Amino acid sequence: MRKYLSNEVFKPGAFPKHTYISRVSSEFAYTYEFRLKQALNTSGFLTSIIGPSKTGKTVLCEKVIGLENLVSLTGNDFKGALPFWTTIANRVGLAIEGEQLHTNMVAGERIEGITESNSSSFREKYLTGKDQVIDYFNKNKLVLVLDDFHYAPEETQLDMSYQLKDAIRKEFKAIVISLPHRADDAIRKNADLSGRLSLINIEPWQIDSLKEIAITGFNTLDININDELATFLAAESLTSPQLMQSICLSLSLLLDLDTNIEIQEITNRNDLINAFKATTINLPYKDIVKRLKSGPPTRGQQRKTYSIGSGEEVDIYDLLIKALALDPPSTYITLDDVKVRIDRILRDIPGKPDRNKIKSAIEQVQSIINNSEAIYQVFEWKDDVIYILDPLFLFYLRWGSY
Ligand SMILES: Nc1ncnc2c1ncn2[C@@H]1O[C@H](COP(=O)(O)OP(=O)(O)O)[C@@H](O)[C@H]1O
Ligand SMILES: [Mg+2]
């Protein structure tokens, strides 16, 4: 028997107890855990964490704060009409008494040390839902984690940041998490909060840290994986620790490591490739790829096509998608790279699309993306570079069948 099952070790989408890897940020030579801990210990400051999707923002908070002290809400939770503090009170099951007490006070109820003359300031100070929540959080050493802040309705974001600004002065501990290039201006660009923010920017994962997930995980299962194969896994994980966790889990299941306890080493490159393919099966990109490959409506005009062998006829949009999928796996692809890759696909076929034609095709695809829902936001075209925003999408292009 192995000490653990593979699904206890590799945890895509959950807290990775056995494969948690700590990283040092490039902007500042300390680990993210250390920085978050320091930020939370700085009273009067709000912590703002920004980073690409699935880079470990939530897991970082869970690691540092611990589940029992963490109260998590998302921007979505603030879509209703309830006031900010009521939403938070509801989350922790705290009944806000506000009005009831208020009336009693006015009716002249005596509370030790309160005179008639300062009772109204007492009311304001202590009897609002907000103060009850702050009190409750402080007493129980709770930290509010406001995840996916960008999902909160824009018109309430400013009020939320105003409420938080006031609360942090009373030792309330809060973290706001959002994606880069998304609306968290209400926090980071809010003059009221300037000088009161601890900023943590989570960077994409590098090969070495990704490798550590695989090596640590397989070692926990008493299995060796050599550096070359670990590097292969890391490169295909495309900066995503979640993808690394998924691939390692697929690989464990394919090799049936939980049953085949005599396996002590991963040696076969083909097993990895099979694990990549197996991992794409659960990814929801089939329709998205189809939509992006078909490009904008043609309005009856025929698009130029190219015969690329084995009877396959492709147009510029098919070519673009095929080009993204080629080696090397990268989340940063320049227009020149795309051109070189398309030339590679077309080899000696005459009339290859030029830079301008490729550029306008990319712009068309970007406009399809812009006009579609959140799951379509797979890349962003800016200054002649395609930035892959969703590594899982690129992984699907490389290994999925569509
Ligand atoms: N420090 C880490 N070490 C190992 N795996 C991690 C780490 N951070 C994240 N992961 C993996 O990535 C997944 C997504 O992390 P998560 O915190 O939910 O991302 P985010 O909140 O940034 O979208 C986790 O469930 C886990 O599988
Ligand atoms: Mg998260």
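Coordinates for the structure precede this section.
Residues numbered from 1 in each chain as written. Chains lettered and ligands numbered in written order. Predicted model: local features only at pLDDT ≥ 70, side-chain atom pairs only at ≥ 80, totals over all residues. Heavy atoms only, no water.

Peer 1: Explain the sheet that holds strand β11 (residues 379–382) to me, please; I cannot follow it from the model alone.
Peer 2: The pairing of strands in a sheet happens through backbone hydrogen bonds and is either parallel or antiparallel. Pairing in this open sheet of 3 strands is antiparallel, and the strands run β10-β12-β11 from one edge to the other. Edge positions in the sheet fall to β10 (332–334) and β11, since each of these pairs with one other strand and no more. Ignoring which end each strand starts from, the neighbouring axes of this sheet average 20 degrees apart. Judged from the 4 bridges that link them, β11 and strand β12 (residues 385–388) form a sheet pairing that is antiparallel. Following the sheet pairing, Trp381 is matched in β12 by Ile386. (Pairing = 2+ DSSP bridges. Helix = DSSP H or I, 4+ residues; strand = E, 2+ residues; numbered from the N terminus. Axes fitted to C-alpha atoms, helices over the stretch in contact; angles between N-to-C directions.)

Peer 1: Explain unusual backbone geometry here, please?
Peer 2: Both trends apply: most residues other than glycine have a negative phi, and most peptide bonds are in trans. In this model, Asp327 is joined to Pro328 through a cis peptide bond whose omega is -10 degrees. Along the chain, Pro328 turns up in the loop between α15 (316–325) and β10. One non-glycine residue, Asp148, lies in the positive phi region at around 45 degrees. Residue position: Asp148 is located in the loop between β3 (143–147) and α8 (154–168). A positive phi is found at Asp222, a non-glycine position, where the angle reads about 60 degrees.

Peer 1: What should I look at first to understand the packing of aromatic side chains in this one?
Peer 2: Two numbers describe a pair of aromatic rings. These are the distance of the centres and the angle of the planes. Applying the stated criterion across every chain yields a total of 15 aromatic pairs. Each residue in the set Phe78, Phe84, Trp85, Phe137 and Phe172 is aromatic and connected to the rest through ring pairs, giving one cluster. We note Lys63 situated over the ring of Tyr20; from NZ or CZ to the ring centre the distance is 4.6 Å. The ring of Phe232 is capped by Arg269, whose NZ or CZ atom sits 3.9 Å from the centre of that ring. (Phe/Tyr/Trp six-rings, centres within 6.5 Å; stacked < 30°, edge-to-face > 60°. Lys NZ or Arg CZ within 6 Å of the ring centre and 35° of its normal.)

Peer 1: Just to check I follow, could you spell out the site of ligand 1 for this structure?
Peer 2: The full set close to ligand 1 counts 21 residues, and Lys11, Lys54, Lys57, Thr58 and Val59 are the nearest of them. Residue Lys54 places a main-chain N or O atom 2.8 Å away from an oxygen atom belonging to ligand 1. Relative to its unbound accessible surface of 560 Å², ligand 1 loses 91% to contact with the protein. At the level of secondary structure, the elements contributing two or more residues to the shell around ligand 1 comprise α3 (57–65) and α12 (241–254). Tallied by class, residues from the shell around ligand 1 come to 10 nonpolar, 8 polar and 3 charged. (Near = heavy atom within 4 Å. Polar contact = N/O pair within 3.5 Å; in protein donor to acceptor, adjacent residues only side chain to side chain. Areas by Shrake-Rupley, 256 points an atom, 1.4 Å probe, with all protein chains shown as cover. Nonpolar A, V, L, I, M, F, W, Y, C, P; charged D, E, K, R; others polar.)

Peer 1: Even after reading the chapter, I still don't get helix α2 (residues 32–40), so can you show me in this structure?
Peer 2: Helical periodicity: at 3.6 residues per turn, an α-helix aligns residues three or four positions apart in one direction. Looking only at α2, the buried set comprises Tyr32, Glu33, Arg35, Leu36, Ala39 and Leu40. Viewed along the axis of α2, the buried residues span an arc of 165 degrees, placing them on a single side of the element. Those residues of α2 that are buried are in contact with β1 (46–50), α3, β3, β4 (174–178) and β5 (197–201). (Buried < 20%, exposed > 50% of the residue type's maximum accessible area, 1.4 Å probe, protein only. Arc of directions from axis to C-beta. Contact = heavy atoms within 4.5 Å.)

Peer 1: I would appreciate a short explanation of the sheet that holds β4 in the present structure.
Peer 2: Reading across from one edge, β2-β3-β4-β1-β5 is the order of the 5 strands in this open sheet, with parallel pairing throughout. Among the strands making up the open sheet, the edge pair consists of β2 (70–74) and β5. Going from strand to strand, the sheet's axes swing by 20 degrees on average, the running direction of each strand aside. Sheet topology places β2 next to β3; 5 bridges connect them, and they run parallel. Its bridge partner lying in β3, Ser72 is registered against Val145. Lying over the sheet, α2 contacts β1, β3, β4 and β5, oriented at roughly 165 degrees with respect to β5.

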